[in-house]
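Coordinates in review
The primary structure of each chain is shown beneath.
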Amino acid sequence: MLFMAKKQFKAESKRLLEMMINSIYTHKEIFLRELISNASDAMDKLYFKSMQENLGITREDLSIMLDVNKENRTITIKDCGIGMDKDDLENNLGVIAQSGSFKFKQENADTDKEEVDVIGQFGVGFYSAFMVAEKVTVLTKKYGEDTAYLWESSGVDGYTITESEKEGYGSEITLYIKESTEDESYDDFLAEYKIKSLVKRYSDYIRYPIKMECTHRHLKEGTENEYEEHKCVETLNSMVPIWKKNKTELTDEEYNEFYKEKFLDYSDPLTHIHSKTEGTATYNALLFIPGKAPFDYYSKDYEKGLQLYSSGVLIMEKCADLLPDYFSFVKGLVDSEDLSLNISREMLQHDKQLKLIERSIERTIKNELKKMLNNEREKYEEFWKNFGLQIKFGLYSGYGMNKELLKDLLMFYSSSEKKLTTIDEYITRMKEDQKVIYFASGETVAKIDCLPQTEMIKEKGYEILYLTDSIDEFTLQMLVDYDGKEFKSIQSSDTDFETEEEKNEKKEKAEENKDMLEEMKKLLEGKVADVRLSSRLRSHPVCLTSDGALSIEMEKVLGAMPDNNSKPKADKVLEINANHAIFDKLRSLYETDKEKLSAYTDILYQQARLIEGIDIEDPVDYCNKVCSLML
Ligand code: ADP
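Below or above, wherever it landed, is the structure these notes cover. (Residues numbered from 1 in each chain as written. Predicted model: local features only at pLDDT ≥ 70, side-chain atom pairs only at ≥ 80, totals over all residues. Heavy atoms only, no water.)

Inspection of the region around the ligand gives 19 residues, with Asn38, Ser99, Gly100, Ser101 and Phe126 positioned closest. For the ligand, an oxygen atom lies 2.9 Å from a polar atom in the backbone of phenylalanine 126. Taking serine 171, its side chain carries an N or O atom lying 3.4 Å from a nitrogen atom of the ligand. Compared with its free state, where it exposes 530 Å², the ligand has 96% of that area covered by protein. (Near = heavy atom within 4 Å. Polar contact = N/O pair within 3.5 Å; in protein donor to acceptor, adjacent residues only side chain to side chain. Areas by Shrake-Rupley, 256 points an atom, 1.4 Å probe, with all protein chains shown as cover.)

Our next topic: the sheet that holds strand β1 (residues 64–69). Strand order in the open sheet formed by 8 strands is β5-β4-β3-β6-β2-β1-β7-β8, with mixed pairing between adjacent strands. One side of each edge strand has no neighbouring strand; the edge strands of this open sheet are β5 (159–164) and β8 (227–235). The mean inter-strand angle of the sheet, taken between neighbouring strand axes irrespective of direction, is 20°. As defined by bridge partners, β1 adjoins strand β7 (residues 210–219) across 3 bridges and the pair is classed as parallel. (Pairing = 2+ DSSP bridges. Helix = DSSP H or I, 4+ residues; strand = E, 2+ residues; numbered from the N terminus. Axes fitted to C-alpha atoms, helices over the stretch in contact; angles between N-to-C directions.)

Two elements in contact, helix α15 (residues 514–523) and helix α18 (residues 594–612), have axes whose closest approach is 10 Å; the angle formed by their N-to-C orientations is 65°. Here α15 is positioned roughly perpendicular relative to α18, judged by the angle of their axes. Remark: the crossing between α15 and α18 carries right-handed chirality. Contacts between α15 and α18 involve Glu519, Met520 and Leu523 from the former and Lys594, Leu597, Ser598 and Thr601 from the latter. In the contact of α15 with α18, the residues fall into 3 nonpolar, 2 polar and 2 charged. (Parallel < 35°, antiparallel > 145°, perpendicular 65-115°, else oblique. Left-handed = near helix turned anticlockwise from the far one by under 90°. Contact = heavy atoms within 4.5 Å. Nonpolar A, V, L, I, M, F, W, Y, C, P; charged D, E, K, R; others polar.)

Glancing now at the pairing of β5. Sheet topology note: the strand β4 (residues 148–153)/β5 ladder contains 6 bridges and is antiparallel. Residue pairing in the sheet places glutamate 152 in a bridge with threonine 160 of β5. Linking β4 to β5, which pair antiparallel, is a turn of 5 residues; within it glycine 155 sits at a positive phi near 105°.

Their axes nearest at 11 Å, the elements helix α2 (residues 30–53) and helix α4 (residues 100–107) cross at an angle of 35°. As α2 packs across α4, the resulting crossing turns out to be left-handed. Touching Asp41, Lys45 and Phe48 of α2 are Gly100, Ser101 and Phe104, all from α4. When grouped by side-chain class, the residues that make up the contact of α2 with α4 number 2 nonpolar, 2 polar and 2 charged.

To continue, consider the packing of aromatic side chains. Tallying each qualifying case throughout the model produces 27 aromatic pairs. Summarising the aromatic geometry, the rings of tryptophan 243 and tyrosine 309 are spaced 4.9 Å apart at their centres and angled 45° between planes, so their arrangement reads as tilted. Taken together, the residues tryptophan 243 in the loop between β8 and α6 (252–262) and tyrosine 309 in strand β11 (residues 306–310) connect sequence positions 66 residues apart. Of the two residues examined, tryptophan 243 and tyrosine 309, each falls in the buried class. When the centroid spacing of 6.1 Å and the interplanar angle of 75° are considered together, the rings of phenylalanine 327 and phenylalanine 329 count as edge-to-face. Residue phenylalanine 327 is classed as buried on the basis of its relative accessible area, which comes to 0%. (Phe/Tyr/Trp six-rings, centres within 6.5 Å; stacked < 30°, edge-to-face > 60°. Buried < 20%, exposed > 50% of the residue type's maximum accessible area, 1.4 Å probe, protein only.)

Moving on to the layout of surface pockets. Here the largest pocket is characterised by a volume of approximately 920 Å³. In terms of lining, the largest pocket is formed by 41 residues, of which the most central are Lys45, Met84, Asn92, Gly100 and Ser101. The set of elements that each furnish at least two residues to the lining of the largest pocket consists of α2, β2 (74–79), α3 (86–93), α4 and β6 (170–177). It is α2 that provides the largest number of residues to the lining of the largest pocket, a total of 9 residues. A breakdown of the residues in the lining of the largest pocket according to their chemical character gives 17 nonpolar, 14 polar and 10 charged. (1 Å grid on protein atoms, 1.4 Å probe; cavity = no way out; pocket = protein on both sides within 12 Å on 5 of 7 lines; lining within 4 Å. Points joined across faces, edges and corners; volume = space filled by probe spheres on them.)

Considering all chains together, one arrives at 49 salt bridges under this definition. The shortest N-O distance in the salt bridge between lysine 572 and glutamate 555 comes to 2.9 Å. Taken together, the positions of lysine 572 in strand β22 (residues 571–576) and glutamate 555 in helix α16 (residues 552–560) put the pair 17 residues apart, joining distant regions of the chain. Classification of lysine 572 as buried rests on a relative accessible area of 5%. Through salt bridges with shared partners, a single network forms among Glu29, Lys194, Arg201 and Glu317. (Salt bridge = Lys/Arg side-chain N within 4 Å of Asp/Glu carboxyl O.)

The backbone of arginine 73 shows a phi angle near 55°, a positive value even though the residue is not glycine. Residue classification places arginine 73 among the buried residues on the basis of a relative accessible area of 14%. With a phi angle near 60°, lysine 418 is a residue other than glycine that sits in the positive phi range. By the element assignment, lysine 418 lies in the loop between β14 (412–414) and β15 (420–421).

Moving on, we come to the nonpolar core. Counting 69 residues, the largest nonpolar core has Ile64, Leu66, Ile77, Phe126, Val136, Trp151 and Leu175 as its most contacted members. Apart from residues no more than four positions distant in its own chain, isoleucine 77 is found in contact with Leu32, Leu35, Ala39, Ile64, Met65, Leu66, Ser171, Glu172, Ile173 and Leu175. Within the second largest apolar cluster, 63 residues are counted, among which are Phe327, Tyr380, Leu467 and Tyr482. (Core = buried A, V, L, I, M, F, W, Y, C linked by side-chain atoms within 4.5 Å.)

Mapped onto the fold, glutamate 404 is located in helix α9 (residues 403–406). Linking glutamate 404 and lysine 460, residues 56 residues apart in sequence, is a C-alpha distance of 32 Å.

Here you go:
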């Protein structure tokens, strides 16, 4: 056996290796992903060679074998790939940042992509083994050669290469796992369950079987508490990613099972989107809209993101950049070969490609939701119940930037349809003379429905959208209009429902009662901006509306926000129904009993607040006033 003198890494290489070992990767556990990827690449290269030279090796002949030895504290990764000769070892494992795999890809760039689609590219992954191992050996024999070599290294000090013996071609990488210290435990890496879970997590879709001898414990036959162990070789990975299969080969059940297992949900997803996209952005995506909003969805603990794979290897568990906030409920994964990964393969460099994929995914999700809205209404309403708030929030928080994308997904309860409606549908039902889209805000549909303001509008045959979420009015404000039709709150003072005749009549009455209305306004100074005759009340005596852009509903929302010191107030207007008996009473009190007029005015104002869902300012004073009138 020929013994070679110990060679030194070049000085810069030494520094680089130290850096590598200590700072490139945030998770030590990825060493296994790197070594398995190398094994897979080596077998791809052999398979490619076999195809070129008719060697008769098929993919089915190739597999990776893992071996964990707790006593010796070793993990061995065996492949039956292309192997390495002495020069290969020198070039690939002696020079950091030299990637034989990258070279291979370049040399065969004109070949069918699928065939040379190897994973390695930076020439550093191998050294991640030193994060968990004090010594690494590589026993390898190149395909078609007789001599095997043993590469040995304990890290920065350098490496040795000696001639050795090995049955068959391929490589066996053995990691001598470090002893645990007070700060860091490495023992887990010698546990069968850990290795299994790492393979599942990072290397599940490596296209060759990754096998390991696993131990099973079961009750000894005929005994009640005696156990025996038996060992058998298991394949740990699923190999073919479900998203690379054809849609036609897959059933809904298979998609649903995959979703539940992968994204840890008990219930089936509402729908799945399986897309293969080629062109400016080339990727496979498998996306799911959950059936229910996760319990923490509307809290700051919820983390959005899609799993990101590059050629079937997991790169990132939650890539937030792939999902816009308004679609943050989507779960799923993206697999692309075109990504420019950074050296640790953990994060991406700010990548144009990623942006393109995000745009494309955004359009795909939008189209799917629109399709569901048009063809599967019930399902869409279920979706809306769970995630509608997020869409409305997205429209608001983007300062209207996303309105073209999101506006036709919106739904609100309709006064006339008595169910959810889209704004498009509302517009098709608009009356001929109707110029604006009416809406009303309140806590619940039932509460809005009995607002005094809605009575006449409904009677006149106009449809009203009922806004029950606090974000709703802000969203519509951001939207400004829908296909040129503006939104108008029926609780706003300038909403106009009157005919010319009604207008003139009201004007006359207001003129006649100008002094009384002035007096009432004075009595309510600081509380309302004005007291006016109403054009919107039918059977109710009074209501509150607002002047200007800030509505009473918005005042409520802003007032309820924590840490909001400014708490802006709406300019409230007390509207009185001039056709109600109370109006005649007020007129007579104005002539005869100013004190009572003051009490009446205040009571009516407080009642209007109650109807609007705002607390009365002084409940005791209010009750005393009502009580004194009852006596
Ligand atoms: P990368 O995989 O990004 O190229 P590595 O540092 O992991 O970088 O590996 C460097 C090179 O060593 C690879 O490109 C490959 O040529 C060679 N290599 C590593 N592992 C094996 C293996 N199991 N069989 C054959 N060659 C290997």
